[in-house]
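Residue-level listing of the chains:
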Amino acid sequence: MQVKAAFILTVASLSLMSSVAFGQSDVRAQQVAACQDDAYRLCPDQIPDEDQVTQCMARQKSKLSPACRVWFQDSSKRKH
């Protein structure tokens, strides 16, 4: 359970998560839904360190699912 809570915090802290169109909780829920499986698949050794998970996922951007990859793009390119 601690790992899951740490992941939620990790996703919430992603540097490109802010969006004017959505409230903070909506953004977090969208990121968790999009990236949770990728984080467990690609970066399990970095969990629960938020910064390490974010860096790991950014390094493996080409391996992220399309839904998660959008969270690692420039916010002006994101479509929601």
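Details of the structure are given in the entry above.
Residues numbered from 1 in each chain as written. Predicted model: local features only at pLDDT ≥ 70, side-chain atom pairs only at ≥ 80, totals over all residues. Heavy atoms only, no water.

Q: What am I meant to see in unusual backbone geometry here?
A: Trans is the prevailing form of peptide bonds, just as negative phi is the prevailing case for residues other than glycine. The omega angle of the peptide bond from Ile47 to Pro48 is 20°, so this bond is cis rather than trans. With respect to the element layout, Pro48 can be found in the loop between α2 (24–42) and α3 (50–59). (Helix = DSSP H or I, 4+ residues; strand = E, 2+ residues; numbered from the N terminus.)

Q: Teacher, can you tell me more about the nonpolar core here?
A: As a rule of thumb, soluble globular proteins bury nonpolar side chains together. With 14 residues, the main nonpolar core has Cys35, Met57, Leu64, Cys68, Trp71 and Phe72 as its most contacted residues. Within the residue set of this core, elements represented by two or more residues are α2 and α3. In terms of residues, this core owes the most to one element, α2, which gives five residues. (Core = buried A, V, L, I, M, F, W, Y, C linked by side-chain atoms within 4.5 Å. Buried < 20%, exposed > 50% of the residue type's maximum accessible area, 1.4 Å probe, protein only.)

Q: Would you explain the state of the cysteines in this entry?
A: Covalently bonding the sulfur atom of one cysteine to the sulfur atom of another cysteine gives a disulfide. One pass over the structure, following the stated rule, counts two disulfides. Across the disulfide from Cys43 sits Cys56; the S-S distance is 2.0 Å. Taking the sign of the torsion about the S-S bond as the criterion, the disulfide between Cys43 and Cys56, at about -90°, is left-handed. With a gap of 13 residues between them, Cys43 in the loop between α2 and α3 and Cys56 in helix α3 connect regions that are remote in the sequence. Just as Cys43 is buried, Cys56 falls in that class too. Along the protein chain, the cysteines that take part in disulfide bonds pair up as 1-4, 2-3, counted in sequence order. (Disulfide = S-S within 2.5 Å.)

Q: Whenever I open this one, α3 confuses me. Can you help?
A: Given 3.6 residues per turn, any residue in an α-helix points the same way as the ones three and four places further on. Three or more residues of α3 are buried, namely Val53, Thr54, Cys56 and Met57. Buried residues of α3, seen end-on, are gathered within an arc of 165° and therefore sit on one face of the element. Opposite the buried face of α3, by more than 90 degrees, sit the exposed residues Asp51 and Arg59. The N-capping residue of α3, defined by a side-chain oxygen 3.1 Å from the backbone nitrogen of Asp51, is Asp49. (Arc of directions from axis to C-beta. Polar contact = N/O pair within 3.5 Å; in protein donor to acceptor, adjacent residues only side chain to side chain.)

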